[in-house]
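Coordinate inspection notes
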Amino acid sequence: MEDAAVASETSTRRPKRTRAHTKTGDDHPTKRTGTGGENQERSSDPSDQNHNQVDREGSFDDFEEVRPKSKRKNRTAEGASGDADISLIEVVKGNGKRIPHVVKVWVERYEKDPKPALVELLSMLFEACGAQYHIKGELLDETDVDDVVVALVNLARMGQVEDYQSSKKKEFQNFKDNLVSFWDYLVVECQNGPLFDQVLFDKCMDYVIALSCTPPRVYRRVASLVGLQLVTSFITVAKALAAQRETTQRQLNAEKQKRTEGPRVDSLKKRLSMTHEKITGIEEMMRKIFTGLFVHRYRDIDPNIRISCIQSLGVWITSYPSLFLQDLYLKYLGWTLNDKSAGVRKASVLALQNLYELDDNVPSLGLFTERFSKRMIDLADDVDVSVAVCAIGLVKLLLRHQLLSDDDLGPLYDLLVEDPPEIRRAIGALVYDHLIAQKHNSGQSNTKGESNDSSEVHLGRMLQILREFSTDQIISNYVIDDVWEYMKAMKDWKCIISMLLDENPLIELTDVDATNLIRLLNASVKKAVGERIVLATDNRKHYYNKAQKEILENDRRDITVAMMKNYPPLLRKFMADKAKVTLLVEIILHMKLELYSLKRQEQYFKDVVQLIKDAFFKHGEKDALRACVKAICYCCIESRGELQDFAQNKLKELADELIAKLKTAMKEVDEDEYSLLVNLKRLYELQLSIYVPIESIFQDIVTTLGSFRTANYEVVGFLLLNMYLHVAWCLQSIINSDSVSEASLSSMLSKRTTLLEQLEYFLHTPPGVQEDGNQGNQLASKVCIILAEVWFLFRKTNFSSTKLERLGYCPDMSVLQKFWELCKKQLNISDETEDEDVNREYVEETNRDAVMIAAAKLVACDAVPKEYLGAEIIACFVMHGTSVEEIVKHLIAVLRKKDYDVSSIFLESLKKAYIRHVELSNGDDESLVNKSFQECKELAARLSGIFMGAARNKHRADILKIVKNGVQYSFLDAPKQLSFLEGAVLHFAAKLPATDVIEILKDVQKRTVNVNTDEDPSGWRPYHTFVDTLSDKYAKNEGFQEEGTSVRRRGRPAKQRNNIRGKKLFDGHSSSEEEDSLSASDEDGEKQVEEDNAPLIHSLKSSKLRSFRVSRQQSEGTTNDLAASRTSGASN
């Protein structure tokens, strides 16, 4: 009776699932019917169907009546019956937790009645691919796999396939994981039975391999996923069987030692033989899938399939090396290192990393490493950052196993200064492991007693690396930044300080090593407190969470404690070396100065401040002076109590002593010019940070400047800079004060007048070349910048309608013109001359970019008339390189944002560029003439390019104004100035709509009535070029469209073609490894539909404009034969 019940259940279960499918497939009835050419049907015979329908309905109703009672009585029974009733595909689509039980139930059904269960499993495979297809159980053995696959492909061609794996629907988000889990559980559940019956999985593998070679991509994805998982699951079973075989072999060996024959020995031999046969059989199944599926799909056109193949192969080799760890399989990982997809290359590199991490695998990888090691090293410079980082990690493993020589690593060290920080960090880890820690050479344990020695050894090796870059601090900072995260010795402050103070007699530092070690200490301190030591590409501020801030604060505390007693000896030892003392002084900016008071170490603080003051007067270089000023100011702000008062008093003493030194130097200037220069530099650096009361020597500075104008230009420059900074500080004091006395205001105006007089002197008498070869370029740049800054500070818009309105100032036009002439001289200085400047310290503050920024700021802030200076600056748009170009571009953006009349400024700038060309035309250098005219045209192209897209319609009036006024300017002195039409006006005229262009053409042609243009053909050539170009452009249909677009279809839009569902599932060719031509054709079709659906107004507009032009020409007559013939030709 039980057998009968089971048989009844087995026979009726499949029709119930069919009924469920019929319900869900009502919206797509075509999916349930097959083609006439198929030898399998997806539905039963009609008569049988009607008979079975009654049985199914009856059993279904009975089941529905019983279900509520069973639910209340026993939830476990209800769950079991539910899992027995649900179809396999629904389990895969739905809750993955039910998969183990459903698989177990299915295996039981298969063992009782294989054919229906196998049909159900194959149907699930087809449905997982997105196709509704069913094989009749009685025809299963006679069914040819190729026929079924052809039928499935036809379903895909008809668009009757759904891609569950790539679906964005929420219900299918776990589909891929569930499908993999289902087949894994199935293999494990069948390992003690159906797995080796040579029917179940042979049939499944045949269909999986066949589907993996079909054109529809969705079939290949699902079949590849299933096939790769089958091999992975087979490996799990094979490993279990291998363990069982080893256990049986040990038992057999032990038993043979007791007796050579007997039933126990025979039983063990038989078990060993059976286990070995199973392992052999399962390995054959692995090879079958590998040769039938993997060998083809690892080079599939779909990168996701290729990635899955390589990832799976890596897992196979690692987990089952007895079969897969050989060159026959390893070569595929080597080949895919050259894949065009970054994801595939990364998957291959990660798979190799897992292999090389196991020491037991290394001996078998010798030939493979020899063949592909060069490619592994090359991948460290891969275009994809993630691939490069992984490849660097792989190279580290090769070095650990000593499979690479040091000569192979040369190109990798160049990556220490690469832009992507991820690559630099990865190379830094490699450098630390290989060159500093030398992990592959040392197997010693790190005990507490060895930690100090270890830090010293590591620092010594780091200094050997930095020795290679001792002349370039930027590269040294890059190397330190890359290695810092991995090298704990860089935060061993006591060890670094001990080495610098020569406390260890066994360590002797050369001068270069000492410089590099101080550089390392400085950079490491900055890193420890969260500052950057190399420029960031994004320039974004880094934000820290609470835990990170606590770590940084603890590091700051540790640095302060370590430096507290050792700081004064370090400063004393390296006081004479400007490079070393500058780096040491900067460290105090990152210390917690309140700890000096808390730990009762006030004397050390006082010593440090005094030593910093001494260093300020010891050196006269920019970096050293700037570091000392910052350090003393920081001590004045961050120290506490008595120490703060001490620091402030020291700063006042420093200022007073500096003023006294300056007085003496100005009196003895004829004898000691260097002393004056150095003290002026010190005063300049000090005034950049704080106010210095130099009223007592201001007049002395003016007197010295008056008698020193033709002397050392560097001294003159710093005299002017200090005067300007003093005036700026005085103005700041007046603005911040609540009440301003008349005396202070008069003093302020007097100082400003004096400064402007001194500056304007150099406008009328530009500095030249001195006897010692010192050119006046830097002084001229300083004059331009200081003058612009003074005009900016005292601009009238700042003080209008206020009590300080007297302070407002605007230069005369003559002074402004002189100013711009001097600026132009600086802009025209060649790069070679700029590089050869004698003083490189302040070159960044006085180069052409600084001059252009100062001038542009005057225009942007309305400090001077923008109609003149704005036009002059914009005229330099394309003349002086990309940096100046960016400045001008930014200025134009500011002017447009403020709604200024940019059309007038643009036209004036075009005129100035054209006048420059005309002036050069009088010379004999034809190349300069051609270059100037090309610059004029390029300027017009760049300015007109601003009016693109929607801006063309928005600023139509501005464009029209530029064109009309440009035409008028061209004919002021015809034909001499007609080249302005071709060089400037033409680019703007091309941005106008057709109606405006027609008016412009008629206006131009009217100007030539009664003029014989044949008398001077070369002079009138630009006129004819202008007219011909516009006539050709707008006489044709493309004249009414955007330049560069294709001609759109006129008339009514074409009816949109319905996209056939499922086309994108195919690659379009017989081989899946070729390009998706059908997908490409779909895209082309979409583009064509988009063009066909162009608004009808475009066609009406085009025809209306053409008819308008014809009527206007007929009414006016033929004023110009050439223009008339072209226009009438366009209307035909």
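Just so we're clear, the structure is a prediction, and the values are computed from it rather than from any experiment.

Before going further, it helps to spend a moment on the overall build of the chain. For the chain, the count of helices and strands is 51 helices and 0 strands. The 1132 residues of the chain split such that 48% are buried. Within the chain, contacts between residues separated by at least 24 positions form 73% of all contacts whose residues are at least 6 apart in sequence. Carbon and sulfur atoms make up 49% of the accessible area of the chain, which totals about 55,900 Å².

Per the stated rule, a full pass over the model turns up 31 aromatic pairs. For the pair phenylalanine 182 and tryptophan 183, a centre-to-centre distance of 5.9 Å together with 85° between the ring planes defines the contact as edge-to-face. Assigned by exposure class, phenylalanine 182 and tryptophan 183 land together as buried. Their ring planes at 55° and their centres at 6.0 Å tell us that phenylalanine 294 and tryptophan 316 sit as a pair that is tilted. In this pair, phenylalanine 294 is assigned in helix H11 (residues 263-297) and tryptophan 316 in helix H12 (residues 303-319), connecting sequence segments 22 residues apart. The burial state of phenylalanine 294 is the same as that of tryptophan 316; both residues are buried. Among the aromatic side chains, those forming a connected cluster through ring pairs are Phe290, Phe294, Tyr298, Trp316, Phe324, Tyr329, Tyr332 and Trp335. Against the face of phenylalanine 698 rests lysine 751, its NZ or CZ located 5.7 Å from the ring centre. Taking the ring centre of phenylalanine 792 as reference, the NZ or CZ of arginine 795 above it sits at 4.0 Å.

The next subject is the packing of helix H26 (residues 578-586) against helix H29 (residues 622-638). Packing of H26 against H29 leaves a shortest axis separation of 9 Å and a crossing angle of 20°. One finds that H26 runs roughly parallel with respect to H29. Between H26 and H29 lies a crossing whose hand is left-handed. Touching Thr582, Val585 and Glu586 of H26 are Asp623, Ala624, Ala627, Cys628 and Ala631, all from H29. Here the contact of H26 with H29 is built from residues that sort into 5 nonpolar, 1 polar and 2 charged.

Residues Glu668, Asp670, Glu671 and Asp672 make up a contiguous surface patch of negative charge. Its place among the elements puts aspartate 670 in the loop between helix H30 (642-667) and helix H31 (673-687).

Further remarks concern the environment of valine 1027. Along the chain, valine 1027 falls in helix H48 (residues 1017-1035). In this structure valine 1027 comes out as buried when scored by relative accessible area, which is 5%. Sequence separation between valine 1027 and lysine 1002 is 25 residues, and the spatial gap between their C-alpha atoms is 9.6 Å. Aside from chain neighbours lying at most four places away, what touches valine 1027 is Leu1001, Val1004 and Gln1005.

Moving on to unusual backbone geometry. With an omega dihedral of 0°, the bond running from alanine 974 to proline 975 counts as a cis peptide bond. Mapped onto the elements of the fold, proline 975 is located in the loop between helix H45 (956-970) and helix H46 (979-989). One non-glycine residue, glutamine 402, lies in the positive phi region at around 55°. As for its placement among the helices and strands, glutamine 402 is situated in the loop between helix H17 (385-400) and helix H18 (410-413).

Under the defined criterion, the tally for this structure stands at 49 salt bridges. Between aspartate 300 and arginine 297 there is a salt bridge, and its shortest N-O distance comes to 2.7 Å. Its relative accessible area of 1% is what places aspartate 300 among the buried residues. Two residues, glutamate 685 and arginine 626, come together in a salt bridge whose shortest N-O distance is 2.8 Å. Of the two residues, glutamate 685 sits in helix H31 while arginine 626 sits in helix H29, which places them 59 residues apart along the sequence. Each of Arg424, Arg425, Asp481, Asp482 and Lys527 takes part in one network of salt bridges that share partners.

Rules behind the numbers
Residues numbered from 1 in each chain as written. Predicted model: local features only at pLDDT ≥ 70, side-chain atom pairs only at ≥ 80, totals over all residues. Heavy atoms only, no water. Helix = DSSP H or I, 4+ residues; strand = E, 2+ residues; numbered from the N terminus. Buried < 20%, exposed > 50% of the residue type's maximum accessible area, 1.4 Å probe, protein only. Contact = heavy atoms within 4.5 Å. Areas by Shrake-Rupley, 256 points an atom, 1.4 Å probe, with all protein chains shown as cover. Phe/Tyr/Trp six-rings, centres within 6.5 Å; stacked < 30°, edge-to-face > 60°. Lys NZ or Arg CZ within 6 Å of the ring centre and 35° of its normal. Axes fitted to C-alpha atoms, helices over the stretch in contact; angles between N-to-C directions. Parallel < 35°, antiparallel > 145°, perpendicular 65-115°, else oblique. Left-handed = near helix turned anticlockwise from the far one by under 90°. Nonpolar A, V, L, I, M, F, W, Y, C, P; charged D, E, K, R; others polar. Patch = residues over 30% accessible without salt bridge, like charges linked within 9 Å, V, L, I, M, F, W, Y side chains within 5 Å. Salt bridge = Lys/Arg side-chain N within 4 Å of Asp/Glu carboxyl O. Lys, Arg positive; Asp, Glu negative; His and termini not counted. Charge placed at Lys NZ, Arg CZ, Asp CG, Glu CD.

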